Amino acid sequence: MTTRGDQILDRTLSKVGGKGLFVKELEVAMAEGRADLAVHSLKDVPMELPAGFALAAVLEREDPRDAFVSSDYASLDALPAGAVVGTSSLRRQSLIAARYPHLVIKPLRGNLDTRLAKLDRGDYAAIILAAAGLKRLGLEQRIRAVLDPATSLPAAGQGAMAIEIAERNDGLDLLSLLAPLNHLPTAQAVAAERKVSKVFGGSCQVPLAAYATVTGADMHLRAMVATPDGKRMAAAEVRGAAADAEALGVEVSELLRQQDAVDILSVCLAEAAASPDA
Ligand SMILES: NCc1[nH]cc(CCC(=O)O)c1CC(=O)O
């Protein structure tokens, strides 16, 4: 199926705006009985689902990190001043701008093949993509370097896939049938990450990162919000019990708030409103 997020390719996701750009059409298909379940990249799934829909399972996470892809350069550190880096993610943009102010960031949209073709024809010196997407499509060999979460903290849910179902009245208990596919540590990690996103009204319009790792019963949750130019940034981390995932999400959000996260994000929303295209 093709979604609005797949169709609108001349604008960055932050300019297209709205939530559920990659999800809505699949929910309509389920509501109309044309599909029984939908498989999503969790990163694209809004924090709140419409009434009657639920996430039945979160699958074991692929690599959650961002990947550096380039023919000529081995890493972000190797790029010369003025080199053009392609990404349409505000999160990636602000993280790169903060750490590599000498680089030029240009928007990049389209499916993976399109994005790689734009790199290959020389529009960009390098592009940043999710490692998970490249790996799933067998394009792992294109990855020159994976970005350490300390440089490029992943987006909430990045690298995880989720199965969404709709309420139904034929007695088929999809929730129970799909339960064995749920991967608990991934589900706990993304519950914490998505809580942060929810607190700050996360969408593709704000640079927000949230990344949790689960080791046994323990969780380490890091989160960040920034302005698109990377000049203002709030970052925080908490540790606690993985079983308290959502509470940890609230806790780290509170730490971000103490660093003016709300004000930082209001700058982003004002900028998005002021520039209708890019
Ligand atoms: N919004 C696009 C999108 N949604 C999920 C992925 C990658 C796969 C994943 O994060 O699981 C991507 C592309 C990208 O970020 O490069």
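Each chain has its residues counted from 1, running along the sequence as written. Since the coordinates come from a predicted model, pLDDT governs what is reported: local features require at least 70, and pairs of side-chain atoms require 80 or more to be given and counted, while whole-chain, interface and lining totals use all residues.

A. Just unusual backbone geometry, in detail. Although it is not a glycine, Asp260 adopts a positive phi angle of roughly 65 degrees. Position of Asp260 relative to the elements: it lies in the loop between helix H9 (245-257) and helix H10 (261-274). Labels follow a simple rule on C-beta atoms placed from the backbone: if 20 or more others lie within 10 Å of a residue's own, it is buried; if 12 or fewer, it is exposed; otherwise it is partly exposed. Overall, Asp260 belongs to the partly exposed group, with 13 C-beta atoms counted inside 10 Å. What counts as a helix is a DSSP run of H or I of at least four residues, what counts as a strand is a run of E of at least two, and both are numbered from the N terminus.

B. Geometry of the sheet that holds strand S10 (residues 218-226). The three strands are arranged S9-S10-S11 in an open sheet whose pairing can be described as antiparallel. Edge positions in the sheet fall to strand S9 (208-215) and strand S11 (233-241), since each of these pairs with one other strand and no more. Geometrically, the sheet is characterised by an average inter-axis angle of 10 degrees between neighbouring strands, direction not taken into account. Only when DSSP finds a minimum of two bridges between them are two strands counted as paired. Alignment of S10 against S11, held across nine bridges, turns out to be antiparallel. Directly across from Met219, in S11, lies its bridge partner Gly240. Any pair of residues counts as being in contact when their C-beta atoms, constructed from backbone geometry, are within 7 Å of one another. Helix axes are fitted to C-alpha atoms over the stretch in contact, other axes to C-alpha atoms as well, and angles between N-to-C directions run from 0 to 180 degrees. The sheet strands contacting helix H8 (residues 184-199) are S9 and S10, and the helix crosses S9 at an angle near 155 degrees. Contacts from H9 reach S10 and S11, with the element oriented near 150 degrees to S11.

C. Highlighting the sheet that holds strand S1 (residues 37-41). Read across the sheet, three strands follow the order S1-S8-S2 without closing on themselves; strand pairing throughout is antiparallel. Across the chains shown, the open sheet's two edge strands, defined by having one partner strand only, are S1 and strand S2 (53-58). The sheet shows a mean angle of 35 degrees between the axes of neighbouring strands, taken without regard to direction. When S1 meets strand S8 (residues 161-166), the two strands line up antiparallel, connected through five bridges. Bridge pairing in S8 links His40 to Ala162. Taken strand by strand, helix H3 (residues 24-31) contacts S1, S2 and S8, and its axis lies near 170 degrees from that of S1.

D. Representation of the nonpolar core. One finds Ile127, Ala223 and Val225 to be the most contacted residues of the largest nonpolar core, which totals 70 residues. By residue number, the principal contributor to this core is H8, which donates seven residues. Segmentation into domains, and thus their bounds, comes from an automatic or database assignment. The two domains that each donate at least three residues to this core are domain 1 (4-62 + 156-274) and domain 2 (66-146). Non-local contacts of Val225, meaning those with residues more than four positions away in its chain, are made with Phe200, Val206, Pro207, Leu208, Ala234, Leu256, Ala261, Ile264 and Leu265. Residues enter a nonpolar core if they are buried, belong to Ala, Val, Leu, Ile, Met, Phe, Trp, Tyr or Cys, and are joined to the set through C-beta atoms within 7 Å.

E. Summary view of the environment of Leu79. Within the secondary structure, Leu79 is located in the loop between strand S3 (66-69) and strand S4 (84-86). Separated by 71 residues in the primary sequence, Leu79 and Ile8 have C-alpha atoms spaced 30 Å apart. Other than its neighbours up to four places away in sequence, Leu79 contacts Tyr73, Leu103, Ala125 and Ala126.

F. Looking closely at the domain arrangement of the protein chain. Looking at the assigned domains, one finds that the protein chain contains domain 1 (4-62 + 156-274) and domain 2 (66-146). Across the contact, 19 residues belong to domain 1 and 16 residues belong to domain 2. Looking at the side of domain 1 that touches domain 2, the elements with two or more residues in it are helix H2 (13-16) and S9. Residue polarity is assigned by list, with Asp, Glu, Lys and Arg as charged and Ala, Val, Leu, Ile, Met, Phe, Trp, Tyr, Cys and Pro as nonpolar; anything else, Gly included, falls into the polar class. Split by residue class, the side of domain 1 that touches domain 2 holds ten nonpolar, six polar and three charged.

G. Molecular detail of the packing of H8 against H9. Between H8 and H9, the least distance of the axes is 8 Å, while the angle of their chain directions is 40 degrees. The orientation of H8 relative to H9 falls into the category oblique. In this structure, H8 meets H9 at a crossing whose hand is right-handed. Facing Gln188, Ala191, Ala192, Lys195, Val196 and Val199 of H8, the residues of H9 in contact are Ala245, Glu246, Leu248, Gly249, Val250, Val252 and Ser253. Its residues placed into classes, the contact of H8 with H9 shows eight nonpolar, three polar and two charged. For this classification, under 35 degrees means roughly parallel, over 145 means roughly antiparallel, 65 to 115 means roughly perpendicular, and everything else is oblique. For a crossing to be left-handed, the near helix must be turned anticlockwise from the far one by less than a right angle; the clockwise case is right-handed.

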